[in-house]
Structure formats: C-alpha cells, structure tokens
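Overview (structure and organization)
One-letter residues, chain by chain:
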Amino acid sequence: MTELHWLPTIPDWRQRLRALPTDRDTAWDNAVALANARLNFVLTNALDETIRQVLPTGPETTATKKVRLAVLGSSTLTHLLPGIRAAGLRRGIWIDTYENDYGQYLQELSEPDSPLHEFKPTAILIALDAYHLTAGITSGLDAESAEAALTEIQDRIKEVWRLARDAFRCPIIQQAALPVHLPVLGNNEHRLPGSRAWFVTRLNQAIRAMAEAEGVDILAVDDRAARDGIGKWHDSALWHRSKQEVSPTVGPLYGDLVGRWLAAKQGRSFKCLVLDLDNTVWGGVIGDDGLEGIALGQGSPLGEAYTAFQEYARELSRRGVILAVCSKNDEANAVEPFEKHPDMVLKRGDIASFVANWQNKADNIRAIAQELNIGLDSLVFIDDNPFERNLVRQELPMVAVPEVSDDPTGYPVALADAGYFEGLSVTDEDRERTSQYQGNKARDALKAAVTDLPSYLRGLEMQLVWKRFDKIGLQRIVQLINKSNQFNLTTRRYTDEDVIAVMADPDAFGLQLRLLDRFGDNGIIAIIIGRLRENKDLYVDTWLMSCRVLGRQVEPTTLNLIAQEAAKLGARRVVGEYIPTKKNGMVKDHYAKLGFTVMETDEAGGNRNILDLAAFTPAETFIHVVEG
Amino acid sequence: MATEAEIYGALTEIFHDVFMRDDIVLSAELTAKQVQGWDSFKQIEIIMACEEKWGIKFNTRELDALRCVGDLATMVGKKAG
C-alpha cells in the first residue's frame with residue numbers, strides 16, 4: 001500500500017485549505033493539521049503550494065529546526081519535492097528544497113560557485129536512478145567485468161558523498177537503487193553476472209555496507225518497493241515520457257520516508273506507544289467476557305492476530321520504544337490478563353505506565369506523559385474505537401493516533417508504515433529504557449517510604465559518571481541536544497557534525513553525564529558544552545538535563561564538574577546564560593540558584609551570570625562523581 | 001456506468017485540486033494552452049488523478065492522442081464504462 005493509510009481523512013479539508021488565515025503562526029498550525037490527513041499526491045501538491053504562497057519563508061518560530069534540503073539526482077525529481085515538504089509540515093518542520101539542474105549533480109557539487117553551494121544545504125538527499133547506476137551493465141559482461149563495474153560505481157558514489165560532506169558538513173541520505181530492471185535469466189538471475197536486475201540487488205547491499213563505514217543514512221525505497229510492488233513505485237511509461245523514476249502517485253509516501261528521516265535527525269521521532277486494551281490488545285471486553293472469554297492466542301484466527309500485534313509491540317519495546325496502557329476498565333480487570341492469561345505476550349513488566357480507569361482518555365494520556373516525564377508529542381495512541389481516537393486527536397493534536405479498522409491484523413502494519421518510531425541507530429539506552437522507567441517507579445516508592453529528602457537522596461546511592469563527548473555517545477548526545485526543551489538553558493540545536501567539531505576543539509569541552517543509582521542506570525541525563533573565550537571566560541554554551549533527574553542534586557554536582565574542567569582550560573570565570581523560550585521557564589533562575597552573580601537581564605527575560613572560579617567552593621552533594 | 005455529466009463533475013474537481021483554483025470551467029474544447037500553468041507535469045498529474053479516481057490505466061498511444069478536455073472525458077467514459 002502506497003497511500004498514507006494511517007492518517008485520517010478530514011471531511012472539510014478543501015474548505016479549510018482555501019480558508020488558511022493570513023496570520024503566520026495560525027496559518028502554520030492549521031497547515032500542520034491539514035498535513036496530518038490522508039492525502040493523495042494532488043492534494044499534497046495543493047497543500048504545499050498553498051502554504052508556500054501564504055508563508056513564503058515559513059513560520060516565525062518553530063520548536064523544530066528549519067531544514068534546507070538539497071535533492072541531488074540524475075533524473076526528474078521535481079515532482080517529489082512537494083511530498084517531502086509536506087512531510088516536514090506534517091512534523092512541524094519547515095523544509096526548503098533545492099534540486100540540481102537536470103543531470104548536473106556532480107558538477108554542482110564540485111563547483112564552489114554553483115547554485116547548490118549558494119543554497120547552503122543543511123541536509124542532502126542523493127537520489128540516483130537505477131538506469132543511471134547501471135549504465136554500461138549488460139548481460140554480455142563476464143563475472144570479472146561485472147565485479148569491476150560494481151567497484152567503480154561504488155567508488156563514484158563514495159566520491160559524491162565525499163564531495164557533499166567536504167562542502168557542506170551536513171547529514172547525507174542515499175536513496176537505495178529501485179529494482180526497476182526486468183530479469184533476463186529468470187529465477188536464477190543471480191547466475192548472470194551482467195544482469196542489471198542482479199546488479200541493482202548487489203549494489204544495494206554494497207551501498208549499505210559502505211554507508212555504515214561513511215556515516216551516511218539510507219532511504220530504503222528498495223525495501224518499500226518490495227512490500228508495495230515495484231509497479232506501484234515505478235511506471236516505465238512515465239520514465240519514457242518524463243524521466244520520473246518514482247511515480248508521482250507515490251510522492252506523498254516517498255516524501256514521508258524523507259520527512260521521518262529529517263525528524264529522526266532532530267531527535268523528534270515518537271518514543272512511546274500507548275495501547276488501548278479491549279479489542280486492541282485482545283479481542284472482546286475483559287470486564288464482560290472475563291479471562292476465558294477474550295480472544296487471544298492459539299485456537300482462533302482472531303486470537304492469533306491479537307497475539308501477533310502484541311509480539312510486534314514487544315519487538316518495538318525491545319528496541320527502545322516505551323509501552324504504556326490507557327484503558328477504560330477497572331484496574332484489577334485490566335491487569336488480570338497481563339498476570340494470568342497464558343497467551344499474553346506482553347507482561348505487566350513491559351508496560352512502563354499503566355492507566356486503567358473510567359476518566360476520559362485525553363486526561364489519562366496527559367497523566368501518562370507526566371508519569372513518564374516525556375512530551376505529549378512523543379506519544380502514539382492506538383485504539384480500535386473511533387470515538388476515542390477522535391477525542392484524543394481533538395484534545396491532543398500533538399499525539400499521533402493511527403487510523404485503524406477493527407481488524408487487528410492491520411495494527412502492526414499501521415504502526416510500521418507510519419514510521420512513527422523511525423530510528424537511526426539503537427543505543428544501549430534504548431534497549432534498557434523500559435527497565436529504566438520501571439526503576440523510576442521503585443524510586444518513587446522509596447520516596448514515599450522515607451519522609452525527609454536528604455535521607456531519600458542518600459539512600460539512592462547515586463553515582464554521576466561523566467565523560468568527554470565521544471563517538472560512542474554521539475547518537476544520544478545529538479538526540480538530547482535536539483529534543484530537550486524544558487531543562488535547557490540556551491536551546492541551541494546541533495548536528496552530528498557540530499558535536500564532532502566540539503570534540504576536536506582544544507578550547508572547548510563537551511561533557512556527557514550518566515546517573516546511576518541503586519535502582520538502575522538512568523542513562524545519559526545531562527549534556528554540557530563549554531567554550532573558552534579569549535578573555536579567559538569559560539562560556540557555558542549548552543547546559544541541558546533530563547527532567548527525570550530533577551531534584552536529585554545533579555545540578556550543583558554538574559557545576560562542580562564544569563568548574564573543574566574550566567580550570568583545566570585555564571579559565572578564570574564561568575559565564576552562564578539563560579535564553580528564554582516558550583518551554584524553558586523552569587531554568588530561568590538556574591544560575592542564580594547555583595551562586596552565580598547576575599550581570600545583566602534583558603527585555604526578553606534572558607539573563608547572563610558570572611561565577612568567579614577563584615572564590616568558588618564545590619558544593620557537597622550525595623552524588624559520588626566518577627570519570628567514566 | 002458514468003454519465004458524461006458525472007465525468008465532467010469529477011474532472012472539474014480534479015482540475016480544481018491540481019491547479020488550486022475553483023474558477024476553471026471545463027468544456028470539451030478546453031486545451032492546455034488556455035489554462036495558465038497547464039504544463040507537461042500538470043498534464044501527468046491530471047492523467048494520474050484520473051487513473052486513480054476511476055481505477056483505469058491509459059497507454060502511451062492514448063496519452064499522445066489527447067488534444068483537449070473532450071478527448072480526456074471520452075476516453076474516461078470508454079474505460080470506466
């Protein structure tokens with residue numbers, strides 16, 4: 001299926017598009033809502049064209065980073081750009097696009113005065129068509145020549161990556177080659193070294209291996225075409241007519257694949273799957289049908305379908321997606337299958353937040369976000385009941401609510417096709433996340449059991465393990481830098497490349513802080529970037545922290561570390577700045593609380609503060625600091 | 001079986017969506033030259049929107065033979081009928 005089938009249809013969509021208001025921020029918000037509808041390619045183009053007329057330079061402020069995406073290729077790509085921009089809109093990301101002059105991608109990359117260089121991309125998509133990539137390949141080739149051709153094309157692609165990286169230092173995504181070629185030998189096509197079809201298969205394997213080594217990401221249109229059928233993706237008549245390798249009808253899906261990559265790059269993939277229970281996780285109503293009456297597991301096709309959905313949810317959980325439950329039920333009834341039903345794949349321990357009561361689901365989802373300490377915009381809510389879906393969409397538009405039928409076989413497909421949880425790599429933290437959240441609950445239980453805060457903190461046996469930035473931590477560092485909004489003093493967003501630059505800078509330090517305690521490993525919870533200025537002031541460029549560890553004395557302990565590292569660079573003073581945003585009001589007086597002297601405040605509510613290192617005494621806390 | 005009026009009704013909606021304008025009035029004689037922005041890309045959009053709408057497929061010869069909206073409506077009528 002190449003439609004955006006997980007998105008709902010909006011009945012008065014056309015009227016709402018034509019009635020977009022002129023106020024920039026309202027127009028943007030309305031357009032984001034319209035982008036979250038099930039659109040075909042014509043409506044996608046219409047939306048893109050309209051929003052670009054109303055907002056030629058985009059919204060004034062967004063929580064996301066604006067993107068300048070260069071799309072480089074060897075055939076016609078213009079028809080794919082609206083889908084990409086609309087997919088950005090769907091995620092609240094403004095995307096400007098650039099497409100090279102027809103066939104000129106190498107020249108434009110190489111020439112510093114080309115329009116591509118003038119565009120200054122912040123992300124690059126390389127979309128070479130399969131005809132271009134197999135030029136010169138023919139079934140007449142012997143194995144040796146085919147092998148040489150494969151090496152040559154790999155080298156050429158690598159050269160394109162090198163040129164792009166050297167010129168722009170920005171993330172690169174390479175479109176896999178589409179399997180457009182017809183077989184000439186048949187089932188055993190792989191025995192023909194010069195087969196174009198087999199060449200594409202081998203090239204796609206080789207590109208993936210190469211991309212791993214070079215830090216390039218892959219746009220897996222080959223996998224998608226394998227699922228949807230190449231006939232949906234590629235129409236040879238259109239290729240002959242207009243050199244469009246990807247059919248315009250697939251434009252919205254193609255764009256969405258790119259959009260979810262860009263969102264993931266900004267750390268904005270969804271994090272948590274919230275499950276309804278009755279008729280979503282099992283068939284039937286547990287309160288009415290009882291443990292024996294619900295459809296689940298072997299013995300009925302319907303029961304097996306629910307089991308398969310649970311297995312998919314568990315697979316997601318094992319790679320770092322948090323699971324939660326939001327059900328209208330008496331809690332005892334709702335928990336019973338998790339504890340007693342032999343065919344339940346999901347166990348109570350897989351669920352980080354379990355809410356079962358009779359209140360409305362929007363309120364309960366808010367409570368789940370609060371309990372897990374994550375933003376509502378990182379939640380996906382799946383429910384078989386259209387009433388509940390619409391209620392949540394209306395009350396909480398930032399929560400993703402896939403459109404599903406009452407057939408559970410479609411639930412995993414909806415989640416997978418929507419790409420909510422698009423990941424670029426899997427960190428150890430991702431794999432341990434559910435147990436981290438379980439640990440939080442044990443911590444809360446301890447907090448309730450002890451009456452005074454100091455003894456609670458002492459009882460936690462906390463260890464702060466700190467390290468300079470390193471390649472291993474890179475993914476998580478960039479994720480935190482781009483996702484943290486609340487405890488974030490300056491809200492500066494950085495890419496992989498920016499973070500690598502900090503590592504290489506002798507007059508700067510980047511610190512990653514991990515917090516352990518008797519209930520487990522909280523993972524990386526804080527990021528610091530310090531930069532030494534010429535006047536020997538150490539400027540705290542970035543200080544952000546996960547709100548999960550608020551109130552645990554992490555802040556003063558972190559300052560001790562900053563002071564120590566600043567002194568190593570020869571700094572005399574530490575300068576801390578607060579730059580206000582809509583979301584970071586909680587840290588307005590952060591530096592004053594830590595004993596800094598306020599030097600200036602500005603009209604926007606920001607402030608700059610100074611700490612004299614000669615007069616600084618490290619704070620005593622219950623946290624044991626270890627260099628890791 | 002779609003009537004001519006039904007086909008023109010649906011075509012009008014497609015044209016309004018493709019060109020983002022509600023003032024285009026279709027007639028059998030209307031050609032690409034008379035509609036601002038109707039280039040070869042828009043032509044492909046219109047054709048594919050028709051294919052999607054009626055679940056039909058045009059071949060290369062048929063597409064090359066299209067001269068005006070009337071040709072398109074006739075061909076839709078033949079294929080969707």
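Residues numbered from 1 in each chain as written. Chains lettered and ligands numbered in written order. Predicted model: local features only at pLDDT ≥ 70, side-chain atom pairs only at ≥ 80, totals over all residues. Heavy atoms only, no water.

1. Some thoughts on the overall build of chain A
The following threshold applies: Helix and strand assignments come from DSSP, with helices taken as H or I runs of at least 4 residues and strands as E runs of at least 2, each series counted from the N terminus. Note that the radius of gyration is over C-alpha atoms, with the globule rule given as 2.2 Å times the number of residues to the power 0.38. Only heavy atoms matter for contacts: two residues are in contact if any of them lie within 4.5 Å across the pair. Here the open area of atoms and residues is found with the Shrake-Rupley method and a 1.4 Å probe, where only the protein chains shown may cover a residue. The positive count covers Lys and Arg only, the negative count covers Asp and Glu only, and His and the chain ends enter neither. Charge coordinates come from a single atom per side chain, which is NZ of Lys, CZ of Arg, CG of Asp or CD of Glu.
For chain A, the helix and strand inventory stands at 25 helices and 17 strands. Relative to the globule expectation of 25 Å for 628 residues, the C-alpha radius of gyration of chain A, 27 Å, shows essentially globular dimensions. With the principal axes as the frame, chain A shows a C-alpha extent of 80 × 70 × 55 Å. Considering only contacts in chain A between residues 6 or more positions apart, those separated by 24 or more positions represent 74%. In the form shown here, chain A has an accessible surface area of approximately 26,300 Å², with 50% of it arising from carbon and sulfur atoms. Taking the 70 positively charged and 87 negatively charged side chains of chain A as two groups, their mean positions are separated by 3 Å.

2. Observations concerning the nonpolar core
The nonpolar side chains of soluble globular proteins are, as a tendency, buried together. All names here are of chain A. The condition that has to hold: For the purposes of this section, nonpolar cores are sets of buried Ala, Val, Leu, Ile, Met, Phe, Trp, Tyr and Cys residues that join through side-chain atoms within 4.5 Å. Note on classification: 1.4 Å probe, protein chains only; a residue is buried when its accessible area is under 20% of the maximum for its type, exposed when over 50%, partly exposed between these limits. Residue ranges for the domains originate in an automatic or database domain assignment.
One finds Leu125, Trp233, Tyr254 and Leu273 to be the most contacted residues of the largest nonpolar core, which totals 97 residues. For this core, the leading source of residues is helix H8 (residues 143-168), giving nine residues. In this structure, this core is formed jointly by two domains, domain 1 (66-265) and domain 2 (272-418), each of which donates at least three residues. The next biggest cluster of nonpolar side chains, apart from the first, holds 40 residues, and it includes Ala526, Val549, Ala566 and Leu613.

3. Some remarks on the packing of aromatic side chains
All names here are of chain A. How we decide: Note on ring pairs: Phe, Tyr and Trp rings are taken, using the six-membered ring of Trp, and paired if centres are within 6.5 Å. Classes follow the plane angle, with under 30 degrees stacked, over 60 edge-to-face and the rest tilted. Here, over-ring charges are defined by two tests on the NZ atom of lysine or the CZ atom of arginine: distance to the ring centre within 6 Å, and angle to the ring normal within 35 degrees.
Inspection of the entire model under this criterion finds 14 aromatic pairs over all chains. A centroid spacing of 6.0 Å and a plane angle of 55° characterise the contact between Trp28 and Trp94, whose relative ring orientation is tilted. Taken together, the residues span a long stretch of sequence, with Trp28 in helix H2 (residues 24-35) and Trp94 in the loop between helix H4 (81-90) and strand E2 (95-99) at a distance of 66 residues. The exposure class assigned to Trp28 is buried, which follows from its relative accessible area of 5%. For the cation-ring pair, Arg52 lies above Trp94, with the distance from its terminal atom to the ring centre recorded as 4.0 Å. Lying over the aromatic face of Phe119, Arg68 brings its terminal NZ or CZ to 4.4 Å of the ring centre.

4. Some thoughts on the environment of Thr427 of chain A
Note that Thr427 of chain A resides in the loop between helix H19 (410-418) and helix H20 (428-449). The spacing of Thr427 of chain A and Ser110 of chain A is 317 residues in sequence and 36 Å in space, taken between C-alpha atoms.

5. Examining the interface of chain B and chain A
Applied cut-off: Accessible area, probed at 1.4 Å, shrinks when two parts are joined; the buried area is that loss added up over both. Salt bridges are defined as contacts in which a side-chain nitrogen from Lys or Arg sits within 4 Å of a carboxyl oxygen from Asp or Glu.
In this complex, chain B contributes 17 residues to the contact, which on the side of chain A involves 21 residues. Approximately 1,600 Å² of surface area, both sides summed, lies buried where chain B meets chain A, with 55% of it carried by carbon and sulfur atoms. Looking at the side of chain B facing chain A, the largest losses of area belong to Asp17, Met20 and Met48 of chain B, adding up to 36% of the total buried there. For the pair chain B and chain A, the number of links is six salt bridges.

6. Section: the domain arrangement of chain A
Under the domain assignment, chain A is made up of domain 1 (66-265), domain 2 (272-418) and domain 3 (455-627). A C-alpha centroid distance of 37 Å is found between domain 2 of chain A and domain 3 of chain A.

7. What to know about the pairing of strand E12 (residues 520-532) of chain A
Residues and elements named next belong to chain A. The condition that has to hold: DSSP calls a pair of strands paired once it identifies at least 2 bridges connecting them.
Of all the 13 residues making up E12, 10 are buried; the element is thus mostly covered by neighbouring parts of the structure. Two strands pair when backbone bridges link them, and strand E11 (residues 508-517) and E12 are joined in this way by nine bridges, in the antiparallel orientation. Following the sheet pairing, Leu511 is matched in E12 by Ile528. The loop that links E11 with its antiparallel partner E12 comprises two residues. As paired elements, E12 and strand E13 (residues 537-545) share seven bridges and run antiparallel to each other.

8. Notes on the state of the cysteines
Rule in force here: Note on disulfides: each one is a pair of cysteine sulfur atoms within 2.5 Å.
Evaluation of the coordinates by the stated rule reveals zero disulfides over all chains. In this model Cys50 of chain B remains outside any disulfide bridge; the closest cysteine sulfur is found in Cys68 of chain B, 13 Å from its own.

9. Some thoughts on the sheet that holds strand E7 (residues 322-328) of chain A
Residue and element names in this part refer to chain A. Here is the rule: Note on definitions: angles span 0 to 180 degrees between N-to-C directions of axes, and those axes are lines fitted to C-alpha atoms, for helices only across the stretch in contact.
Taken in spatial order, the four strands line up as E8-E7-E6-E9 in an open sheet, and their pairing is parallel. A strand with exactly one partner marks an edge of an open sheet, and here the two such strands are strand E8 (351-357) and strand E9 (379-382). Recorded for the sheet is a direction-independent mean angle of 20° between the axes of neighbouring strands. Looking at chain direction, strand E6 (residues 272-275) and E7 are connected through four bridges and run parallel. Among the inter-strand pairings, Leu275 is bridged to a residue of E7, identified as Val325. Of the strands in this sheet, E7 and E8 touch helix H16 (residues 331-340), which is tilted by about 140° from E8.

10. Observations regarding the pattern of salt bridges
Where charged atoms from two side chains of opposite charge come close, those side chains can pair. All names here are of chain A. In the structure shown here, the tally under the stated rule is 47 salt bridges over all chains. Of the charged contacts, one joins Glu159 and Arg162 as a salt bridge, the two residues approaching to 2.9 Å between their closest N and O atoms. With Glu159 and Arg162 both in helix H8, this residue pair falls three residues apart, about one helical turn. When its relative accessible area of 33% is taken as the criterion, Glu159 is described as partly exposed. Relative accessible area serves as the criterion here: at 37%, Arg162 is assigned to the partly exposed category. With a closest N to O distance of 2.6 Å, Asp256 and Arg260 form a salt bridge. You can see Asp256 and its partner Arg260 sitting in helix H13 (residues 251-265), four residues apart, about one turn around the helix. Neither Asp256 nor Arg260 differs from the other in exposure class; each is buried.

11. Things to note about helix H2 (residues 40-54) of chain B
Operational definition: Expected helix span is given by 1.5 Å per residue-to-residue step, counting one fewer step than there are residues.
For H2 of chain B, built from 15 residues, the straight-helix expectation of 21 Å at 1.5 Å per residue is met to within 8% by its first-to-last C-alpha distance of 21 Å. Considered for burial, the residues of H2 of chain B that qualify are Lys42, Ile44, Glu45, Ile46, Ile47, Met48, Ala49, Cys50, Glu51 and Trp54 of chain B. Next to the buried residues of H2 of chain B lie helix H3 (41-54) and helix H12 (236-242) of chain A together with helix H1 (4-19), helix H3 (60-64) and helix H4 (69-80) of chain B. Gly55 of chain B occupies a position one or two residues after H2 of chain B and carries a positive phi of about 60°.

12. Examining the sheet that holds strand E5 (residues 217-219) of chain A
Residue and element names in this part refer to chain A. Strands sit in the order E2-E1-E3-E4-E5 across an open sheet of five strands; the sheet is parallel. Looking along the sheet, the strands with just one partner apiece sit at the ends: E2 and E5. In this sheet, neighbouring strand axes are inclined to one another by 25° on average, regardless of whether the strands run parallel or antiparallel. Taken strand by strand, H13 contacts strand E1 (67-73), E2, strand E3 (123-127), strand E4 (172-175) and E5, and its axis lies near 145° from that of E3.

13. What about the side chain of Asn560 of chain A?
All names here are of chain A. Where we set the bar: Residues adjacent in sequence count toward polar contacts only when both atoms are side-chain atoms; beyond that, a polar contact is any pair of N or O atoms within 3.5 Å, and within protein one must be able to donate a hydrogen and the other to accept it.
Relative to the elements of secondary structure, Asn560 occurs in helix H24 (residues 554-568). We classify Asn560 as buried; its relative accessible area is 16%. Within the local environment of Asn560, its side chain forms a polar contact with the backbone oxygen of Ala619, the two atoms lying 2.9 Å apart. Excluding anything up to four places from it in sequence, Asn560 contacts Phe616, Pro618 and Ala619.

14. Re the packing of helix H15 (residues 301-318) of chain A against H19 of chain A
All names here are of chain A. Applicable threshold: Under this scheme an angle from 65 to 115 degrees is roughly perpendicular, one under 35 degrees roughly parallel, and one over 145 degrees roughly antiparallel; angles in between are oblique. Definitions for this section: a left-handed crossing has its near helix turned counterclockwise from the far helix by less than a right angle. A right-handed crossing has that turn clockwise.
At their nearest, the axes of H15 and H19 sit 8 Å apart, and the two run at 30° to each other. One way to sum up the angle between H15 and H19 is to call them roughly parallel. Crossing of H15 against H19: the hand is left-handed. Taking contact as the criterion, the partners of Phe309, Tyr312 and Leu316 in H15 are, on H19, Tyr411, Pro412, Leu415 and Ala416.

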